[in-house]
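Residues per chain are reported as follows:
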Amino acid sequence: MTTARPSLDPELHELLADMPLMSQLSPEVLAQVRPFSSMPVELLLEGRAIDRREVTVASPDGTPIPLSVFSPANSDRTAAAPCVYWMHGGGMVMGDRFSQIDIPLEWLDEFGAVVVSVDYRLAPESTGTIPVDDCYQGLLWIADHAAELGIDPARIVVAGASAGGGLAAGVTLLARDLGTPTIAAQVLIGPMLDHRNTTTSSLQYSNGPGVWTREMNGFGWRCLLGDLTDDEVPAYVSPALADDLAGLPTRPATGPGVLRDPSPSAAP
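Computed from a predicted model, the values in this text were never measured in an experiment. (Residues numbered from 1 in each chain as written. Predicted model: local features only at pLDDT ≥ 70, side-chain atom pairs only at ≥ 80, totals over all residues. Heavy atoms only, no water.)

**Brief notes about the sheet that holds strand β6 (residues 185-189)**
The strands making up a sheet associate through hydrogen bonds between their backbones, and the pairing can be parallel or antiparallel.
In step 1: Within the open sheet, the six strands sit side by side as β1-β2-β4-β3-β5-β6. Their pairing is mixed. The sheet is open, and its two edges are formed by β1 (50-58) and β6, each paired on a single side. Taken pair by pair, the neighbouring strands of this sheet meet at an average axis angle of 20°, ignoring direction.
In step 2: As paired strands, strand β2 (residues 64-72) and strand β4 (residues 114-118) are joined by four bridges and run antiparallel to one another. (Pairing = 2+ DSSP bridges. Helix = DSSP H or I, 4+ residues; strand = E, 2+ residues; numbered from the N terminus. Axes fitted to C-alpha atoms, helices over the stretch in contact; angles between N-to-C directions.)

Written as structure tokens, this is what we have:
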């Protein structure tokens, strides 16, 4: 194992040159960057044939959890559509349901998928299983309203980036263990999976500024775990702790069997 930081692609160097890179996060810095952790979704929807709907679902403790539903407008689809359930990134401590929404909206454009994005509660205000439970409640709502949404309940994909990737993995574990609903696939993009913060990549991005460093990662996990000790952290919160991966979806989410129209007339 090497802890040397990998070289970056020249195009990434150019992109990062204009970004204010940091090495640490603190409560004070978090308060400053939170307002800039998302972009207006209207800019992404401009010029796209997309219908948008806002709903709320109740969390286990009764807190309303906002969901945004994006559907292809004027669709002539006769078969039920696939659904992408999106969990945003932000290190568990920032962002909202519109963060990185450009990623699943590309799947809406290409595959005609209905995209649902959840505004789970953030740490450090909400700790432990609260964020993953919020996300699971959104998944239950999607399954219960599949016919209304025009989606195929057998083609629900959970997806997320960074913190959202970790939450998507936790939601998938919850759905398996609780027996509902069925998840066709999971897409985990640079996911936060391991609170122990000792992976090779964590060590490679330590002791220096970056987009998301080991020190920032540790801050995010500490905010999420709160008073939990290592022995008390459930796999739903830190999915790398799961010792049984049986029964989890294995098919690739962008393959023909999940997001593409399965009808005989569909393009190969």
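**Brief notes about the environment of T213**
In step 1: Tracing the backbone shows T213 in the loop between α8 (200-204) and α9 (214-225).
In step 2: Expressed as a C-alpha distance, the spacing of T213 and S202, which sit eleven residues apart in the sequence, is 7.2 Å.
In step 3: With residues near it in sequence (within four places) discarded, T213 still touches M22, S23, Y205 and G208.
In step 4: A polar side-chain atom of T213 sits 2.8 Å from the main-chain carbonyl oxygen of S23.
In step 5: Side-chain polar atoms of T213 contact the backbone nitrogen of M216, separated by 3.1 Å. (Contact = heavy atoms within 4.5 Å. Polar contact = N/O pair within 3.5 Å; in protein donor to acceptor, adjacent residues only side chain to side chain.)

**Quick look at the pairing of β2**
In step 1: Pairing of β1 with β2 involves nine bridges; the strand directions are antiparallel. Bridge assignment links R53 to a residue of β2, and that residue is V69.
In step 2: Counting the residues in the hairpin turn of β1 and β2 gives five residues, including G62, whose phi is positive at 95°.

**Focus: the environment of P249**
In step 1: Here P249 shows up in the segment after α9.
In step 2: The sequence separation of P249 and R176 amounts to 73 residues, and the corresponding C-alpha distance is 9.3 Å.
In step 3: Discounting chain neighbours no more than four positions away, the residues touching P249 are T172, I183, A184, A185 and Q186.

**A few points about helix α7 (residues 163-178)**
An α-helical segment advances 3.6 residues per turn. Residues three or four places apart therefore align on the same side.
In step 1: Its 16 residues give α7 an end-to-end C-alpha distance of 22 Å, which sits within 8% of 22 Å, the value for a rise of 1.5 Å per residue.
In step 2: Of all 16 residues in α7, 13 are buried; the element is thus mostly enclosed.
In step 3: Immediately beyond the C-terminal end of α7, within one or two residues, lies G179, with a positive phi of roughly 85°. (Expected span 1.5 Å × (residues − 1). Buried < 20%, exposed > 50% of the residue type's maximum accessible area, 1.4 Å probe, protein only.)

**Things to note about the nonpolar core**
In step 1: Core analysis: the largest hydrophobic core is formed by 47 residues, its most contacted members being Y85, M87, L139 and I142.
In step 2: Residues in contact with M87, not counting those within four places in the same chain, are V118, C135, V158, A159, G160, A161, G164, L167, A168 and V171.
In step 3: Residues W86, F98, W107 and A185 belong to the second largest nonpolar core, which totals 23 residues. (Core = buried A, V, L, I, M, F, W, Y, C linked by side-chain atoms within 4.5 Å.)

**Quick notes on the pairing of β4**
In step 1: Counting buried positions along β4 yields five of five residues, so the element is predominantly enclosed.
In step 2: Note that the unit made of strand β3 (residues 81-87), helix α4 (residues 102-111) and β4 has a crossover that is right-handed. (Right-handed = clockwise from strand over helix to strand, strands pointing away.)

**Notes on the side chain of S238**
In step 1: Summarising the element assignment, S238 is placed in the segment after α9.
In step 2: Of the polar contacts made by the side chain of S238, one reaches the side chain of H195; its length is 3.0 Å.
In step 3: Residues contacting S238, with those up to four places away along its chain left out, are L193, D194, H195, W221 and V233.

**As for the pattern of salt bridges**
In step 1: Scanning the entire structure with this criterion turns up twelve salt bridges.
In step 2: Between E125 and R34 there is a salt bridge, with its nearest N and O atoms 2.9 Å apart. Here E125 is found in the loop between β4 and α5 (130-144), whereas its partner R34 is found in the loop between α2 (27-33) and α3 (41-45), with 91 residues between them in sequence.
In step 3: Since its relative accessible area comes to 25%, R34 is described here as partly exposed.
In step 4: Between E42 and R52 there is a salt bridge, with the nearest N and O atoms lying 3.2 Å from each other. Taken together, the positions of E42 in helix α3 and R52 in strand β1 put the pair ten residues apart, joining distant regions of the chain. (Salt bridge = Lys/Arg side-chain N within 4 Å of Asp/Glu carboxyl O.)

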